[in-house]
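Structural characterization, general
Each chain, written out:
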Amino acid sequence: MAITPVLLAGGSGTRLWPVSRKSFPKQFAPLVGEESLFQASTRRLSGPRYGAPLVMTNADFRFIVAEQLDQIGTDPAAIVIEPAGRNTAPAILAAALFASERDPDSVLLVAPSDHVIPDAEAFGRAVDLGLPAAQAGRIVTFGITPTRPETGYGYMEAEGAGQGPLVLKRFVEKPDAENAARMIAQGSFLWNAGIFLFAARTMIEAFRRHAPDYMAPVQAALTEARTDLGFLRLAPEPWDRLPDLSVDYAVLEKADNLSVVRFSGHWSDLGGWDAVWREMQDGAPAERGAVADARSTAIDCDNVLLRSQDEGIEVVGIGLKDVMVISTSDAVLVAGMDRAQDVRQAVSALKEKGARQAEVFLRDHRPWGWFETLALAERFQVKRIVVNPGAALSLQSHFHRSEHWIVVSGTARVTVDETVTLVTENQSIYVPLGAVHRMENPGKVPMVLIEVQTGVYLGEDDIVRYEDVYSRG
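Residues numbered from 1 in each chain as written. Predicted model: local features only at pLDDT ≥ 70, side-chain atom pairs only at ≥ 80, totals over all residues. Heavy atoms only, no water.

Some points on the confidence of the model for the protein chain
Here the protein chain averages 94 in pLDDT, while 98% of its residues score no lower than 70. Contacts from residues 283-287, a stretch scored under 50 in pLDDT, to residues over four places away or in other chains number 9 contacts. (pLDDT = per-residue confidence, 0-100. Contact = heavy atoms within 4.5 Å.)

Describing the packing of helix 3 (residues 88-102) against helix 6 (residues 200-210)
Where helix 3 contacts helix 6, the two axes come as close as 9 Å, and the packing angle between them is 130°. Here helix 6 runs oblique to helix 3, going by the angle between their axes. Pair helix 3 / helix 6 crosses with left-handed handedness. On helix 6, the residues touching A89, I92, L93, A96, L97 and S100 of helix 3 are A200, M203, I204 and F207. Class assignment for the residues of the contact of helix 3 with helix 6 results in 9 nonpolar, 1 polar and no charged. (Axes fitted to C-alpha atoms, helices over the stretch in contact; angles between N-to-C directions. Helix = DSSP H or I, 4+ residues; strand = E, 2+ residues; numbered from the N terminus. Parallel < 35°, antiparallel > 145°, perpendicular 65-115°, else oblique. Left-handed = near helix turned anticlockwise from the far one by under 90°. Nonpolar A, V, L, I, M, F, W, Y, C, P; charged D, E, K, R; others polar.)

Considerations on the UniProt feature "domain: Mannose-6-phosphate isomerase type II C-terminal" (unreviewed entry) in the protein chain
Under the feature "domain: Mannose-6-phosphate isomerase type II C-terminal" (unreviewed entry), the UniProt entry names residues 357-468. Annotated as residues 357-468, this span is 0% helix and 57% strand, and its ends, taken at the C-alpha atoms, are 28 Å apart. (UniProt positions renumbered as here; feature names shortened; annotations may be inferred.)

Things to note about the pairing of strand 19 (residues 363-366)
Two strands pair when backbone bridges link them, and strand 19 and strand 20 (residues 369-377) are joined in this way by 4 bridges, in the antiparallel orientation. Of the residues in strand 20, the one forming a bridge with R366 is G369. Between strand 19 and strand 20, which pair antiparallel one after the other, the connecting turn spans 2 residues. (Pairing = 2+ DSSP bridges.)

Quick notes on the environment of V110
Here V110 lies in strand 4 (residues 107-112). Linking V110 and A221, residues 111 residues apart in sequence, is a C-alpha distance of 20 Å. Setting aside anything within four residues of it in sequence, one finds V110 in contact with V6, L8, I92, G194, I195, F196 and F198.

Comments concerning the UniProt feature "domain: Nucleotidyl transferase" (unreviewed entry) in the protein chain
Within the UniProt annotation, "domain: Nucleotidyl transferase" (unreviewed entry) is assigned to residues 5-281. The span residues 5-281 carries 34% helix and 22% strand; its end-to-end C-alpha distance comes to 30 Å.

Comments concerning the domain arrangement of the protein chain
Taken as a whole, the protein chain is organised into domain 1 (4-263), domain 2 (273-340) and domain 3 (363-467). The straight-line distance from the C-alpha centre of domain 2 to that of domain 3 is 37 Å. (Domains from an automatic or database assignment.)

Quick notes on the packing of helix 3 against helix 7 (residues 215-223)
The geometry of helix 3 relative to helix 7 is characterised by a closest axis approach of 10 Å and an angle of 60° between their N-to-C directions. Considering their axes alone, helix 3 and helix 7 lie oblique with respect to each other. Handedness of the helix 3/helix 7 crossing: right-handed. Residues P90, L93, A94, L97, F98 and E101 of helix 3 pack against M215, V218, Q219 and L222 of helix 7. Grouping the amino acids of the contact of helix 3 with helix 7 by side-chain chemistry returns 8 nonpolar, 1 polar and 1 charged.

Quick notes on the pattern of salt bridges
Enumeration over the complete set of coordinates arrives at 26 salt bridges. For R208, the salt bridge identified is with E205, shortest N-O distance 3.7 Å. With R208 and E205 both in helix 6 and 3 residues apart, the pair spans about one turn of that helix. Looking at E205, the relative accessible area reads 37%, which means it is partly exposed. Across the pair R356 and D330 runs a salt bridge whose closest N-O atoms are separated by 3.1 Å. Here D330 lies in the loop between strand 17 (321-327) and strand 18 (332-336) and R356 lies in the loop between helix 11 (344-352) and strand 19, a separation of 26 residues in the sequence. Residue R356 is classed as partly exposed on the basis of its relative accessible area, which comes to 36%. Judged by relative accessible area, D330 falls into the buried class, the value being 15%. Salt bridges sharing partners connect three or more residues here, namely D364, R366, K383 and E460. (Salt bridge = Lys/Arg side-chain N within 4 Å of Asp/Glu carboxyl O. Buried < 20%, exposed > 50% of the residue type's maximum accessible area, 1.4 Å probe, protein only.)

Remarks on the side chain of D462
Its place among the elements puts D462 in the loop between strand 28 (447-455) and strand 29 (464-467). Although D462 is buried, it makes no salt bridge; R401 carries the closest opposite charge, 4.3 Å away. Setting aside anything within four residues of it in sequence, one finds D462 in contact with S397, H398, F399, H400, R401 and Y457. (Lys, Arg positive; Asp, Glu negative; His and termini not counted.)

Some words on helix 3
One turn of an α-helix holds 3.6 residues; hence residues three or four places apart share an orientation. Over its 15 residues, helix 3 extends 22 Å from the first C-alpha to the last, a length consistent with the 21 Å expected when each residue adds 1.5 Å. Taken across its 15 residues, helix 3 has 11 buried, putting it largely inside the fold. Turning to helix 3, its buried residues number three or more, namely A89, P90, A91, I92, L93, A94, A95, A96, L97, F98 and A99. (Expected span 1.5 Å × (residues − 1).)

Structure representation (structure tokens):
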């Protein structure tokens, strides 16, 4: 019987700011390797052991999820849209109920979509070890053999030191350095990876026993769910009544049928830039612990991470020690390496001062492609817009701005009021204020254009939509 992977892909990842932001969090970014963490996680949980994945995410990320799955040729069992973030407990129960309705004997493997496990086959063998226990009614967790007294992870205490499945005695909150070192010395403590293997009926029964308040709202959200462009939208009203708790707090810490399988292969949750620094050590240009990407240069640096996300920005460090410098097109983070867990404070501080960089990028991903702001000043804005083949923006108008479009590559089919025009490379077209208009890409390659907006107000909320193939409000 194939295991159903459940990928949790709704988090925001503030500790990896400025690369990870609310509008495009770390699981969708290529932080290590060419593919995103979400794509790498999907590939890891594919093959003969597994069935089609079930993805739990939110409305803002639904098209990103669909696009990234399509890029790697994966057809999901479903992409389920959570109406609001309520932590992992309701998401996991919804996945169990969904799977149980289709196959009462289904077995689920729940995993975050932003972790790094390079050896997929070794992890698969750990799953094989845990499968009989899961089929027998146990909830199987996966514990990572600690390699250092890490204070940023939760721990689990196993009954014994073998590979398992072992009885899971208890969960331990993130410890201080002294307690972390003591636990590692005992040999029975493992890092909590937040990965769970269980029969759907087992998890449903665990919620009935230990968190019964979740059952009726989650079942109602699923029963009243509606299909929207291939996504399954859970009903918002019952979902909004749910507590915001992790599955650990809501259920697992109360359950008596927990097992743990030890995984000694490489694993990282990329929970901070220090973790990225450790991942980039292998195969990266390094000088005395200095790690620099292709657009960065470290000169006489020690224990340093230099990273530039923008092709037009070179980062150079000279004589630095114990520092990380992360540059994007609109923000730069400079921090001590030992303050990696405090980067989320930067997000809070920027939100308090109203800085856009706290949560959004200059590049904005949309279901039809993406755009980025190249210049913004009073009464004008310049954007680069990329429209995917066959995609179309909504039929819309603006109250406060007019637009001038210049096609750089590809062909645009442009509707302005009653007129439809094909606009090719080096041609342009003007959209007057108030005109009802639409842009489409009828070709087989991405279409790129430059948009110049002029007007008294240039915000993205100055859009009146009349038709939209992506069902946005």
